[in-house]
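Reading the structure
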Amino acid sequence: MAALAAAHHRLLSSSSSSVASRTRCRRSTTLSFSYPPPHGCSGSRAAFRGLTRAASVGGGSTSGAAATSTPALSLEELRGGCTSWTWRGMRVNYLVRGRGPPVLLVHGFGASVAHWRRNIGVLSESYTVYAIDLLGFGASDKPPGFAYTMETWAQLILDFLDEVVKRPTVLVGNSVGSLACVVAASEDTRNAVRGLVLLNCAGGMNNKAIVDDWRIKLLLLPLLWLIDFLLNQRPIASALFQRVKDRHAGLKCRSGLNRNNLKDILLSVYGNKDAVDDELVEIIRGPADTEGALDAFVSTVTGPPGPSPIALMPRLADVPVLVLWGDRDPFTPIDGPVGKFFSKLPSELPNVTLHMLEGVGHCPHDDRPDLVHDRLLPWLQGLPAGGAV
């Protein structure tokens, strides 16, 4: 599904590049939410990379640092450690490991519990780690005709805290998972959310979360409606879905990489190319072969974008927030509207701590887990103790 998301965005960006580039370079904005944005304004991007040295609090420069070896759990260990919880009659897959204050890991679009393979072992040494497959992803149910929304995922998270964890919990999310955590925290009425950790937070569930610029909306909204219409024609969506999977299968019989296959897409969003291994490809590809995966993809891409973190974050002034941002992210770049918002947030909200991660892509926890752990573990240790929900 990650490959299909990128293919969907490429169709969008190729049809709108001229107006987007004119508007973008005048106002230094980018279509930069859930999927790869058009490129441009390289001067602005270079200027924002200076934030990687200025915005990091309590950590030295990571420039030129070699990736340290972080113990990773195997797919067999991860799958063997999973169980299920029934939510509104649907099966939700999750893993629990370790002892201590609870932490809940929430993956991004097209990912699953296994995407936290490099983090669960380290965190579970001091914390009770829960990792969940959002409905529609991983091994969780993908019910036919289900309408996926950010609000639905947020409610699932809150109900999981209430029924399974039963203690105030730190939510850790990546991309769309970060946004689901923000929505959940904003709707939390029982003090179930003890803290938030946001790894390259998405601006919306899909590309409808575009910047508030009438020139871009004027041209792009009709195109988005057309894409929605085409993807809702099952033969068209099914053909696209199968085409991407067939291209990935071609890796098995050809040497070298086809620019359109899944591994290349993953390489484009990771700063540390060594982290893009065959296991990662399987983590993303495997669930796409399960029943209901196509419907989940279409619903996510064509559904409403959901609440914006820009609107929600000011409501969370009483929740400790750690923001970790990879500066090489092509999906939500630091010089895009969401990246700009989060980069200045610590100066406006004292509960927010920001660390820029130099040379890191859209999935910092798997890209450079050592850098994430160096900042996450001390922050977790500094949180006040939480009681029962």
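About the criteria used
- Residues numbered from 1 in each chain as written.
- Predicted model: local features only at pLDDT ≥ 70, side-chain atom pairs only at ≥ 80, totals over all residues.
- Heavy atoms only, no water.
- Helix = DSSP H or I, 4+ residues; strand = E, 2+ residues; numbered from the N terminus.
- Expected span 1.5 Å × (residues − 1).
- Buried < 20%, exposed > 50% of the residue type's maximum accessible area, 1.4 Å probe, protein only.
- Contact = heavy atoms within 4.5 Å.
- Phe/Tyr/Trp six-rings, centres within 6.5 Å; stacked < 30°, edge-to-face > 60°.
- Core = buried A, V, L, I, M, F, W, Y, C linked by side-chain atoms within 4.5 Å.
- Pairing = 2+ DSSP bridges.
- Axes fitted to C-alpha atoms, helices over the stretch in contact; angles between N-to-C directions.
- Parallel < 35°, antiparallel > 145°, perpendicular 65-115°, else oblique.
- Nonpolar A, V, L, I, M, F, W, Y, C, P; charged D, E, K, R; others polar.
- Polar contact = N/O pair within 3.5 Å; in protein donor to acceptor, adjacent residues only side chain to side chain.
- Salt bridge = Lys/Arg side-chain N within 4 Å of Asp/Glu carboxyl O.
- pLDDT = per-residue confidence, 0-100.
- Right-handed = clockwise from strand over helix to strand, strands pointing away.

An unreviewed UniProt entry lists the protein under the name AB hydrolase-1 domain-containing protein, with Eleusine coracana subsp. coracana as the source organism.

Points about helix 7 (residues 176-187)
The end-to-end C-alpha distance of helix 7, which contains 12 residues, comes to 17 Å, matching closely the 16 Å that a straight helix rising 1.5 Å per residue would cover. Here helix 7 lies mainly inside the structure; 10 of its 12 residues are buried. Inspection of helix 7 places Val176, Gly177, Ser178, Leu179, Ala180, Cys181, Val182, Val183, Ala184 and Ala185 among the buried residues, and these make up the whole buried set. Buried residues in helix 7 make contact with strand 3 (102-106), helix 6 (150-165), strand 5 (169-174), strand 6 (193-199) and helix 13 (309-312).

Digging into the packing of aromatic side chains
According to the stated counting rule, one finds 9 aromatic pairs in the structure shown. Look at Phe109 and Phe137: their rings are 5.6 Å apart centre to centre, the planes differ by 70°, and that puts the pair in the edge-to-face class. Separated by 28 residues along the polypeptide, Phe109 in the loop between strand 3 and helix 5 (120-123) and Phe137 in the loop between strand 4 (128-132) and helix 6 bring together distant segments of the chain. Overall, Phe137 belongs to the buried group, its relative accessible area being 2%. Taking the centre distance of 5.6 Å and the plane angle of 45° together, the rings of Phe137 and Trp153 count as tilted.

Notes on the nonpolar core
In this structure, Trp153, Leu196 and Phe342 are the most contacted members of the largest nonpolar core, which totals 61 residues. When residues in this core are grouped by element, the largest group, 10 residues, is from helix 6. Apart from the residues lying within four places of it in its own chain, the contact partners of Leu196 are Leu171, Cys181, Val182, Ala185, Leu316, Val319, Pro320, Val321, Leu322 and Trp379. Residues Val103, Leu322, Leu376 and Leu380 belong to the second largest nonpolar core, which totals 42 residues.

Section: the sheet that holds strand 2 (residues 90-97)
Here we have 8 strands laid out as an open sheet, ordered 1-2-4-3-5-6-7-8, and mixed in their pairing. Looking along the sheet, the strands with just one partner apiece sit at the ends: strand 1 (82-87) and strand 8 (352-357). Each strand of the sheet is rotated relative to its neighbour by a mean of 20°, with strand direction disregarded. Of the pairings in the sheet, the one linking strand 1 to strand 2 comprises 6 bridges and is antiparallel in character.

A short note on the packing of helix 10 (residues 262-269) against helix 11 (residues 278-288)
For the pair helix 10 and helix 11, interaxial distance at closest approach is 10 Å and the crossing angle is 105°. When the interaxial angle is binned, helix 10 and helix 11 end up roughly perpendicular. Residues Leu262, Lys263 and Leu266 of helix 10 form the contact with helix 11, whose participating residues are Asp278, Leu280, Val281, Ile284 and Arg285. For the contact of helix 10 with helix 11, the per-class residue count stands at 5 nonpolar, no polar and 3 charged.

Looking at the side chain of His362
Assignment of secondary structure puts His362 in the loop between strand 8 and helix 15 (364-367). For His362, the side chain forms a polar contact with the side chain of Ser175, separated by 2.8 Å. His362 has contacts with Asn174, Ser175, Asn200, Val269, Asp329, Phe331 and Thr332, leaving out every residue within four places of it along the chain.

Focus: the pattern of salt bridges
Under the counting rule described, the total for this entry stands at 10 salt bridges. Between Arg117 and Asp277 there is a salt bridge, with its nearest N and O atoms 3.1 Å apart. Of this pair, Arg117 sits in the loop between strand 3 and helix 5 while Asp277 sits in the loop between helix 10 and helix 11, placing them 160 residues apart in sequence. For Arg117, a relative accessible area of 1% gives the class buried.

Here's the deal with the confidence of the model for the protein
For any part of a model where pLDDT is low, the fine detail of the predicted coordinates should not be relied upon. Mean pLDDT over the protein stands at 77; residues scoring 70 or higher make up 67%. Scored below 50 in pLDDT, residues 223-233 shows 22 contacts in the model against residues more than four places distant or in partner chains. Considering only residues more than four positions removed or in separate chains, one finds that residues 245-260, a stretch of pLDDT under 50, has 20 contacts.

Side note on the pairing of strand 6
For strand 6, the buried fraction is high: 7 of the 7 residues fall into the buried class. Sheet topology places strand 5 next to strand 6; 6 bridges connect them, and they run parallel. Within the sheet, the bridge partner assigned to Val172 lies in strand 6 and is Val197. In terms of handedness, the path from strand 5 via helix 7 over to strand 6 forms a crossover that is right-handed. Direction of pairing for strand 6 relative to strand 7 (residues 321-326): parallel, over a ladder of 4 bridges. Bridging from a neighbouring strand, Leu196 pairs with Val321 of strand 7.

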